[in-house]
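Coordinates in review
Okay, here's what each chain looks like letter by letter:
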Amino acid sequence: KMKIISVILARGGSKGIPSKNIVDLNGKPLISYTIESSLQSNVDETWVSTDSSEIASVSSTYGASVIDRPSDISTDTSQSEEALLHFTDNHDFDIMVFIQPTSPLINSEDINKGLEMMDEYDSVFSVTKEHWIPRWTMDVKPFEWEIDNRPMRQDKPETYIENGAFYITKRKNLLESKLRYSGKMGVVEMPLSRSFQIDTFDDLNLINNIIRGNK
């Protein structure tokens, strides 16, 4: 049987919201939402990789195993892949689900849908569908369209955008590519209403309201 693990990356330092990964979201620490979704999914083991003893303690309380992440790969400029490879050096598995704690609206069905696709794909990641909208650069120039030839929305192809909730990959692909996704890639489409990430206090308020509205 294939061994499936999930890794939630949650370092202590965060710029936008202090101690963001354990900030209170509707009465529970932010990271608890992704831990619970992982535990309810078809993942065999749920891990949190962190450099913070406080996050480690909260994560254990909610049922996750913890791996201590070295401080040199827990900086503002550290790539997630460094922590995923650190985990891979220390633990055995066949398939890794990398979940971001800033996506609390993910549910176990999203993860399971992705896992079911791993017979056919090397990597799978979560997306939401986006209709074309006019984008502008910071110096107010049309970005990839022309002002005197504004396209009709229906004439432009719909695109997928990564919503950052989760990425699934096979161990050998991660080790060969050193990337969270590689090889033959598939996507799990999530609705926009569950694709929000928490990076700012505005995001926190928005998701608080969504959670309360869903109850």
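Summary of the structure given here.

Rules used in this analysis
Residues numbered from 1 in each chain as written. Predicted model: local features only at pLDDT ≥ 70, side-chain atom pairs only at ≥ 80, totals over all residues. Heavy atoms only, no water. Helix = DSSP H or I, 4+ residues; strand = E, 2+ residues; numbered from the N terminus. Buried < 20%, exposed > 50% of the residue type's maximum accessible area, 1.4 Å probe, protein only. Expected span 1.5 Å × (residues − 1). Arc of directions from axis to C-beta. Core = buried A, V, L, I, M, F, W, Y, C linked by side-chain atoms within 4.5 Å. Contact = heavy atoms within 4.5 Å.

**Some thoughts on unusual backbone geometry**
Among all residues save glycine, negative phi is the norm, and among peptide bonds the norm is trans. Phi at E144 is positive, roughly 65°, even though this residue is not glycine. Mapped onto the fold, E144 is located in the loop between β9 (142–143) and β10 (159–170). Although it is not a glycine, K178 sits at a positive phi angle of roughly 60°. Relative to the helices and strands, K178 is located in the loop between α5 (171–177) and β11 (185–189). We classify K178 as partly exposed; its relative accessible area is 46%.

**Brief notes about helix α6 (residues 201–214)**
Across its 14 residues, α6 extends 20 Å between first and last C-alpha, which sits within 8% of the 20 Å expected from 1.5 Å per residue. Where α6 is concerned, the buried positions are L204, I207, N208, I210 and I211. In an axial view of α6, the angular spread of the buried residues amounts to 165°, which keeps them on one side of the axis. Facing away from the buried side of α6 by more than 90 degrees, the exposed set consists of D202 and G213.

**Remarks on the nonpolar core**
Counting residues in each nonpolar core, the largest one holds 25 residues, and the members touching the most others are I31, V48, V97, L115, F166 and I168. Where this core is concerned, the elements lending two or more residues are β1 (4–9), α1 (30–39), α2 (53–61), β6 (95–99), α4 (108–116) and β10. I31 has contacts with I8, A10, N21, I22, V48, I55, V58, S59 and P101, leaving out every residue within four places of it along the chain.

Interpretation in functional terms is not warranted from these geometric data alone.
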